[in-house]
Amino acid sequence: MTARRYDPERRQRIIDAAIRVVGAKGIAGLGHRSVAAEADVPLGSTTYHFKTLDELMVAALRQANEGFAKVVAARGTLEDTRSDLAAELAGLMGEWLAGDPTGVELEYELYLAALRRPALRPVAAEWIDSLVGPLTRRTDAVTARALVALLDGICLQVLLTGTAYDEAYAREVLGRILRGGSDDRER
């Protein structure tokens, strides 16, 4: 009988492989077999660590969500009440979108998979709340949720249309929400 090889990084390698599979083949290409092959582990390892495909997708989405959170944390300016919040949010989105485009697409593909996979919905909600939370230190909860919804919409438009991200436009429309919807020319 052969001894089991101790492999503390295997679970993480499986999650990383799942993210690569979704990046290359989309959600439709994600399966225990495809992930096991990508991670170079036995099929039983994927099902040992993740009993269902939904469990694997939850772990992958949680890890993918860290991309934007890292950008937010690295800038650390959302809580600075002296900064222009609209400019900060537009800059954060620009920095995130300027990163690895496959990573951004992957995050949104997993995020939108929650429409069909209820197990992913709490993780998608965590992502929203992770941004709404810091924003409520700068504005009310309703406005914070509106800002996050707008950021999502702009990101989706950029990803779906292939157009370049327009930071000045984002700053302007985010500012309008923060000012209560009015254009400076209307004042």
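Residues numbered from 1 in each chain as written. Predicted model: local features only at pLDDT ≥ 70, side-chain atom pairs only at ≥ 80, totals over all residues. Heavy atoms only, no water.

In this structure, Asp-40 takes a positive phi of about 55° despite not being glycine. The exposed category is assigned to Asp-40, whose relative accessible area is 68%. (Buried < 20%, exposed > 50% of the residue type's maximum accessible area, 1.4 Å probe, protein only.)

Take the side chain of Ser-83 next. Secondary-structure assignment places Ser-83 in the loop between helix H4 (53-75) and helix H5 (85-98). Owing to a relative accessible area of 16%, Ser-83 belongs among the buried residues under this scheme. The residues contacting Ser-83, other than those within four sequence positions of it, are Thr-77, Glu-88 and Arg-138. (Helix = DSSP H or I, 4+ residues; strand = E, 2+ residues; numbered from the N terminus. Contact = heavy atoms within 4.5 Å.)

One pass over the structure, following the stated rule, counts three aromatic pairs. Measuring from ring centre to ring centre gives 5.8 Å for Trp-96 and Tyr-108, while their planes differ by 50°; the resulting arrangement is tilted. Separated by 12 residues along the polypeptide, Trp-96 in helix H5 and Tyr-108 in helix H6 (residues 101-113) bring together distant segments of the chain. For the residue pair Trp-96 and Tyr-108, the accessibility class agrees, reading buried in each case. (Phe/Tyr/Trp six-rings, centres within 6.5 Å; stacked < 30°, edge-to-face > 60°.)

Here the chain averages 86 in pLDDT, and 92% of its residues register 70 or above. At the low end of the mean pLDDT range in the chain sits H6, at 79; at the high end sits helix H9 (residues 167-178), at 96. (pLDDT = per-residue confidence, 0-100.)

Further remarks concern the side chain of Asp-152. Within the secondary structure, Asp-152 sits in helix H8 (residues 141-161). Within the buried core, Asp-152 has no salt-bridge partner, and the shortest N-O distance to an opposite charge, that of Arg-145, equals 9.0 Å. Only 2.6 Å separates the side chain of Asp-152 from the side chain of Tyr-108, close enough to count as a polar contact. Reaching out from Asp-152, the side chain makes a polar contact with the side chain of Tyr-111 at a distance of 2.8 Å. (Lys, Arg positive; Asp, Glu negative; His and termini not counted. Salt bridge = Lys/Arg side-chain N within 4 Å of Asp/Glu carboxyl O. Polar contact = N/O pair within 3.5 Å; in protein donor to acceptor, adjacent residues only side chain to side chain.)

Next up on the list: the nonpolar core. Core analysis: the biggest nonpolar cluster contains 58 residues, and Leu-89, Leu-110, Leu-131 and Leu-135 have the highest contact counts within it. For this core, the secondary structure elements donating two or more residues are helix H1 (10-25), helix H2 (32-39), H4, H5, H6, helix H7 (121-135), H8 and H9. No other element matches the 10 residues that H4 contributes to this core. (Core = buried A, V, L, I, M, F, W, Y, C linked by side-chain atoms within 4.5 Å.)

Looking now at empty space enclosed by the protein. The tally for this structure, following the rule as stated, stands at two cavities of 30 Å³ or more. The calculated volume of the largest cavity comes to roughly 40 Å³. Contributing to the lining of the largest cavity are Asn-65, Trp-96, Glu-107, Tyr-108, Tyr-111 and Trp-127. Top element by residues in the lining of the largest cavity is H6. It accounts for three residues. For the lining of the largest cavity, a count of residues per class yields four nonpolar, one polar and one charged. Of the volumes computed, that of the second largest cavity is approximately 30 Å³. Contributing to the lining of the second largest cavity are Phe-68, Met-93, Trp-96, Tyr-108, Trp-127, Leu-131, Leu-151 and Cys-155. Breaking the lining of the second largest cavity down by element, the ones donating at least two residues are H5, H7 and H8. (1 Å grid on protein atoms, 1.4 Å probe; cavity = no way out; pocket = protein on both sides within 12 Å on 5 of 7 lines; lining within 4 Å. Points joined across faces, edges and corners; volume = space filled by probe spheres on them. Nonpolar A, V, L, I, M, F, W, Y, C, P; charged D, E, K, R; others polar.)

Our focus in this paragraph is the environment of His-49. Looking at the secondary structure, you find His-49 in helix H3 (residues 43-49). A residue is classified by how much of its surface remains accessible, and His-49, at 25% relative accessible area, is partly exposed. Each C-alpha atom, one on His-49 and one on Arg-116, is 23 Å from the other, the two residues being 67 residues apart in sequence. Non-local contacts of His-49, meaning those with residues more than four positions away in its chain, are made with Arg-10, Arg-11, Ile-14 and Glu-55.

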